[in-house]
Amino acid sequence: GRSLSMGKGEYYVLYYDGYLSETYNEIVKNYKGELPIYKVDMSSPFNSKYSTTEESNKNPTKISDFKINGPTLMKISNKKVVDYIEGEDNIRTNLN
């Protein structure tokens, strides 16, 4: 529930299913960029309410608008989503 207020300025939030944690831990470990990355395990009961099998909402303005379908990387700037990337390959490309 704090994805839009994790810090000041810009940062990434990476959403993934817990069974893929090794894959995404590796991606974060190999990331050489400047912006911090916060990870969210979508298999956690607290976070699962933001998960969907329907189309994701690529323009959420508040946490209750979140609909995340699969691995997703959001770039947050000044408490707003400014970039929304879905899928492991696209996430890897964006963080390299």
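Each remark here, short or long, concerns the structure printed above.
Just so it is clear, the structure is predicted and the values come from calculations on it, not from any experiment. (Residues numbered from 1 in each chain as written. Predicted model: local features only at pLDDT ≥ 70, side-chain atom pairs only at ≥ 80, totals over all residues. Heavy atoms only, no water.)

### What about the packing of aromatic side chains?
Defined as follows: A pair of Phe, Tyr and Trp rings is counted when the ring centres sit within 6.5 Å of each other, with Trp represented by its six-membered ring. The angle between the planes then sorts it: under 30 degrees is stacked, over 60 is edge-to-face, the rest tilted. Numbering of helices and strands runs from the N terminus; a helix is a DSSP stretch of H or I covering at least four residues, while a strand is a stretch of E covering at least two. Relative accessible area decides the class of each residue, using a 1.4 Å probe on protein chains only: under 20% of the type maximum gives buried, over 50% gives exposed, and in between gives partly exposed. Here, over-ring charges are defined by two tests on the NZ atom of lysine or the CZ atom of arginine: distance to the ring centre within 6 Å, and angle to the ring normal within 35 degrees.
Enumeration over the complete set of coordinates arrives at five aromatic pairs. A ring pair is formed by Y15 and F66, whose centres lie 6.1 Å apart and whose planes are at 75 degrees; its orientation type is edge-to-face. Residue Y15 is found in strand β1 (residues 10-16), and its partner F66 is found in the loop between β2 (37-41) and β3 (72-77); the two are separated by 51 residues along the sequence. Residue classification places F66 among the buried positions, given a relative accessible area of 5%. Each residue in the set Y15, Y50 and F66 is aromatic and connected to the rest through ring pairs, giving one cluster. One Lys or Arg, K49, reaches over the ring of F46 and ends 5.2 Å from the middle of that ring.

### With respect to the environment of T52
Keep this limit in mind: We call two residues contacting when some pair of their heavy atoms lies within 4.5 Å. Polar contacts, as counted here, are pairs of nitrogen or oxygen atoms within 3.5 Å of one another; within protein the pair requires one atom able to donate a hydrogen and one able to accept it, and residues that are adjacent in sequence qualify only if both atoms are side-chain atoms.
One can find T52 in the loop between β2 and β3. Measuring from C-alpha to C-alpha, the distance between T52 and K39 comes to 18 Å, with 13 residues separating the pair along the chain. Sequence-distant contacts of T52, defined by excluding residues within four places in its chain, comprise K67, I68 and N69. Side-chain polar atoms of T52 contact the backbone nitrogen of E54, separated by 2.9 Å.

### A word on the sheet that holds strand β4 (residues 80-86)
Each strand in a sheet pairs with its neighbour through backbone hydrogen bonds, running either in the same direction (parallel) or in the opposite one (antiparallel). Rules: DSSP bridges decide pairing: two strands pair if at least two such bridges lie between them. Here, axes are lines fitted to C-alpha atoms. For helices the fit covers the stretch in contact, and angles between N-to-C directions go from 0 to 180 degrees.
Across the sheet, four strands lie side by side as β2-β1-β3-β4; this open sheet has mixed pairing. The sheet is open, and its two edges are formed by β2 and β4, each paired on a single side. Between one strand and the next, the sheet's axes are offset by a mean angle of 20 degrees, whatever the strand orientation. Across the sheet, helix α1 (residues 21-30) touches β1 and β2, and the angle it forms with β1 is around 160 degrees.

These figures capture arrangement, not role.
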